[in-house]
Amino acid sequence: MPCTVTMTVNGKTVSREVEERTLLVTFLREHVGLTGTHVGCDTSQCGACVVHVDGRSVKSCATLALQVDGATVTTIEGLAAADGALHPMQAAFREHHGLQCGFCTPGMVMSAVDLVNSNPSLSEQDIREGLEGNICRCTGYHNIVKAVQAGAEAMNADQSAKIAAE
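All of the points below concern the structure found in this document. (Residues numbered from 1 in each chain as written. Predicted model: local features only at pLDDT ≥ 70, side-chain atom pairs only at ≥ 80, totals over all residues. Heavy atoms only, no water.)

1. What about the sheet that holds strand E2 (residues 12–19)?
Hydrogen bonds between backbone atoms are what pair the strands of a sheet, whose relative direction is either parallel or antiparallel. One open sheet accounts for 5 strands, arranged E2-E1-E5-E3-E4; its pairing is mixed. Whereas interior strands pair on both sides, the edge strands pair on one side only; in this sheet they are E2 and strand E4 (56–59). Neighbour-to-neighbour, the strand axes of the sheet open up by a mean angle of 40°, direction not taken into account. Pairing of strand E3 (residues 50–53) with E4 involves 4 bridges; the strand directions are antiparallel. The residue bridging His-52 from the neighbouring strand is Ser-57, located in E4. Relative to E2, helix H1 (residues 24–31) is tilted by about 110°, and along the sheet it contacts strand E1 (2–9), E2, E3 and strand E5 (72–74). Across the sheet, helix H3 (residues 105–118) is in contact with E3, E4 and E5; its angle to E3 comes to roughly 40°. (Pairing = 2+ DSSP bridges. Helix = DSSP H or I, 4+ residues; strand = E, 2+ residues; numbered from the N terminus. Axes fitted to C-alpha atoms, helices over the stretch in contact; angles between N-to-C directions. Contact = heavy atoms within 4.5 Å.)

This is how it looks when you write it as structure tokens:
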């Protein structure tokens, strides 16, 4: 039975009529046209579909669009600044070669941002454990961990600069 789902996606209010069983990843990709969120496994094992719902990481292949009705959703497309400047974590992944084929990258970046937001002082072990729900078949994680460490430093520096400016 169709229902209307309304949410804020990357700062814009979006309303669509969907079937009740429509997954959030399907809603984002097929109904909103944001294809940066990837479908890797359809079983919530790989993490390629991670987005933020109200600021927290969620695997969108295991979440119904109806469950996030009224929520604020951020996808990889909404992470960069309005002027196109990359988010510090995106820039760190690029600079530290935290990607190869790029398929897992959107989910890795979104998970990493949430991880840093939850714990600004991450150890290497914290990062490895925090990304356990994300699978990369290319890099062996070494560069991903380096990228998250650098992204965390940049995010923390940005936060310190904002506090100092206030």
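2. Details of the packing of H3 against helix H5 (residues 142–165)
Interaxial distance between H3 and H5 falls to 10 Å at its minimum, and their mutual angle equals 50°. In terms of orientation, H3 lies oblique with respect to H5. With respect to the hand of their crossing, H3 and H5 are arranged in right-handed fashion. Seen from H3, the contacting residues are Met-108, Ala-112, Val-113, Val-116 and Asn-117; seen from H5, they are Ile-144, Val-148, Ala-152, Met-155 and Asn-156. Considered class by class, the residues forming the contact of H3 with H5 number 8 nonpolar, 2 polar and no charged. (Parallel < 35°, antiparallel > 145°, perpendicular 65-115°, else oblique. Left-handed = near helix turned anticlockwise from the far one by under 90°. Nonpolar A, V, L, I, M, F, W, Y, C, P; charged D, E, K, R; others polar.)

3. A look at the side chain of Asn-134
You can see Asn-134 is positioned in the loop between helix H4 (124–130) and H5. Looking at Asn-134, its side chain comes within polar contact range of the main-chain oxygen of Gly-47, at 3.3 Å. Discounting residues that sit within four places of it in the chain, Asn-134 has contacts with Cys-46, Gly-47, Val-50, Gly-107, Met-108, Ser-111 and Tyr-141. (Polar contact = N/O pair within 3.5 Å; in protein donor to acceptor, adjacent residues only side chain to side chain.)

4. So, the side chain of His-38
Mapped onto the secondary structure, His-38 falls in the loop between H1 and E3. The exposure class of His-38 is buried, given its relative accessible area of 16%. One polar contact links the side chain of His-38 to the main-chain carbonyl oxygen of Phe-103, over a distance of 2.7 Å. Beyond its immediate stretch of four places on either side in the chain, His-38 contacts Val-25, Arg-29, Ala-48, Cys-49, Gly-102, Phe-103 and Pro-106. (Buried < 20%, exposed > 50% of the residue type's maximum accessible area, 1.4 Å probe, protein only.)

5. Concerning the pattern of salt bridges
Inspection of every chain in the model, using the stated rule, returns 2 salt bridges. Asp-114 is the partner of Arg-56 in a salt bridge, and the nearest nitrogen-oxygen pair spans 3.5 Å. Pair noted here: Arg-56 is in strand E4 and Asp-114 is in helix H3, with a separation of 58 residues, a long-range link. Taking the relative accessible area as the measure of exposure, Arg-56 reaches 47% and is therefore partly exposed. The exposure class assigned to Asp-114 is buried, which follows from its relative accessible area of 7%. Between Glu-124 and Arg-128 there is a salt bridge, and its shortest N-O distance comes to 3.1 Å. Note that Glu-124 and Arg-128 are positioned in helix H4 at a spacing of 4 residues, about one turn of the helix. For Glu-124, a relative accessible area of 40% gives the class partly exposed. Exposure remark for Arg-128: the relative accessible area of 33% places this residue in the partly exposed category. (Salt bridge = Lys/Arg side-chain N within 4 Å of Asp/Glu carboxyl O.)

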